[in-house]
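Structure assessment
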Amino acid sequence: LMREKLSMAAKLATGVLVFGAWLLMIRSAAGTLSDTGVRSLRYFTVLSNFLCAIAALIHFCFLAVRKSAPRWVLRLSYAGTAAVGVTLMVVLLFLGPLYGYIALLKGANLWFHLLIPLLAILDHILLEPGERPSFRDTFLCLIPVALYGLGYIANLLLNGVGEWPDTNDWYLFTLWGTPVAACIALGILLLAWGIALALRALGRARVKREA
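First, a word on what this report is: a plain description of the structure on this page. This structure is a prediction, so every number in the text was calculated from the model and none was measured. In every chain, residue numbers begin from 1 and rise along the written sequence. Two thresholds apply to this predicted model, a pLDDT of at least 70 for residue-level local features and 80 or more for giving and counting side-chain atom pairs, whereas whole-chain, interface and lining totals are computed over all residues. Excluding hydrogens and water, the side-chain values take into account all heavy atoms of the structure.

**Quick look at the packing of helix α2 (residues 44-66) against helix α3 (residues 71-99)**
Heads up, the condition is: Orientation is described by axes fitted as lines to C-alpha atoms, over the contacting stretch for helices, and by angles from 0 to 180 degrees between their N-to-C directions. For the purposes of this entry, the term helix denotes a DSSP run of H or I that reaches at least four residues, the term strand denotes a run of E that reaches at least two, and both are numbered from the N terminus. Here the angle decides the label: under 35 degrees means roughly parallel, over 145 means roughly antiparallel, 65 to 115 means roughly perpendicular, and every other value means oblique. By definition, any crossing whose near helix is turned counterclockwise from its far helix by less than a right angle is left-handed, and any crossing with a clockwise turn is right-handed. The criterion used for residue contact is that any of the two residues' heavy atoms lie within 4.5 Å. Classification used: nonpolar for Ala, Val, Leu, Ile, Met, Phe, Trp, Tyr, Cys and Pro, charged for Asp, Glu, Lys and Arg, polar for all others including Gly.
With their axes 8 Å apart at the nearest point, α2 and α3 run at an angle of 150° to one another. In terms of axis orientation, α2 runs roughly antiparallel to α3. As α2 runs across α3, the sense of the crossing is left-handed. Two secondary-structure elements touch here, α2 through Phe44, Thr45, Ser48, Asn49, Leu51, Cys52, Ala55, Ile58, His59 and Phe62 and α3 through Trp72, Val73, Leu74, Leu76, Ser77, Ala79, Gly80, Thr81, Ala83, Val84, Val86 and Thr87. Its residues assigned to classes, the contact of α2 with α3 shows 14 nonpolar, eight polar and no charged.

**A short note on the pattern of salt bridges**
Any two side chains of opposite charge can pair if their charged atoms end up close together. Note the threshold: In what follows, salt bridge is the name for a side-chain nitrogen of Lys or Arg lying within 4 Å of a carboxyl oxygen of Asp or Glu.
This model, assessed by the stated rule, comprises ten salt bridges. Between Arg206 and Glu210 there is a salt bridge; the shortest N-O distance is 3.7 Å. Of the two residues, Arg206 and Glu210 are both situated in helix α7 (residues 178-210); the distance of four residues between them amounts to about one turn of the helix. Connected via shared salt-bridge partners are Lys11, Asp123, Glu128 and Arg132.

**Some remarks on unusual backbone geometry**
Of note, Lys67 is a non-glycine position whose phi angle comes to about 70°, a positive value. Tracing the backbone through its elements, the reader meets Lys67 in the loop between α2 and α3. Unusually for a residue other than glycine, Leu172 sits at a positive phi of about 60°. As for its placement among the helices and strands, Leu172 is situated in the loop between α6 (142-159) and α7.

The following block contains the structure:
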């Protein structure tokens, strides 16, 4: 019972923190890969955090009212957690070396890139009640990344890459040419699936220990 209450608190905090961090970003846009107003919504960072926040708040409401959540809510929470997991790992493994970690952890991005993803991941692994995701569910976690990637590519094809600071390739994926960009895209999809598999395995291990 205490674990369920802690999970509810974590989900409510996730929702509040995401919207609070977004308000901070659209007002000040401190640090790299941030922007004011609706332009902030072009970043996967912001969109993945919104997905995680919406899923967390829906999940919180079901736990508060019904004490359990239907399977579609569990899947949505799983996909949202995996999405912010992608944000965290891309910053740590790819964008950090490119832009510098200090620049990527300023202002709202400290929350978007690090603290909120960690909160969501720890909640999913250690606290969240309910049925654990199936192997088939891991493929659902590819959908947010794939949809964003298609939109990103479409924008480049329609509007061109452009020049810094007004480039449409704000993640610098085409910096080394199209073949490398394709490899990066495939790598991010594989990363998303790997994160989904890891979340599932760690969550199931916790449930098994408690059984």
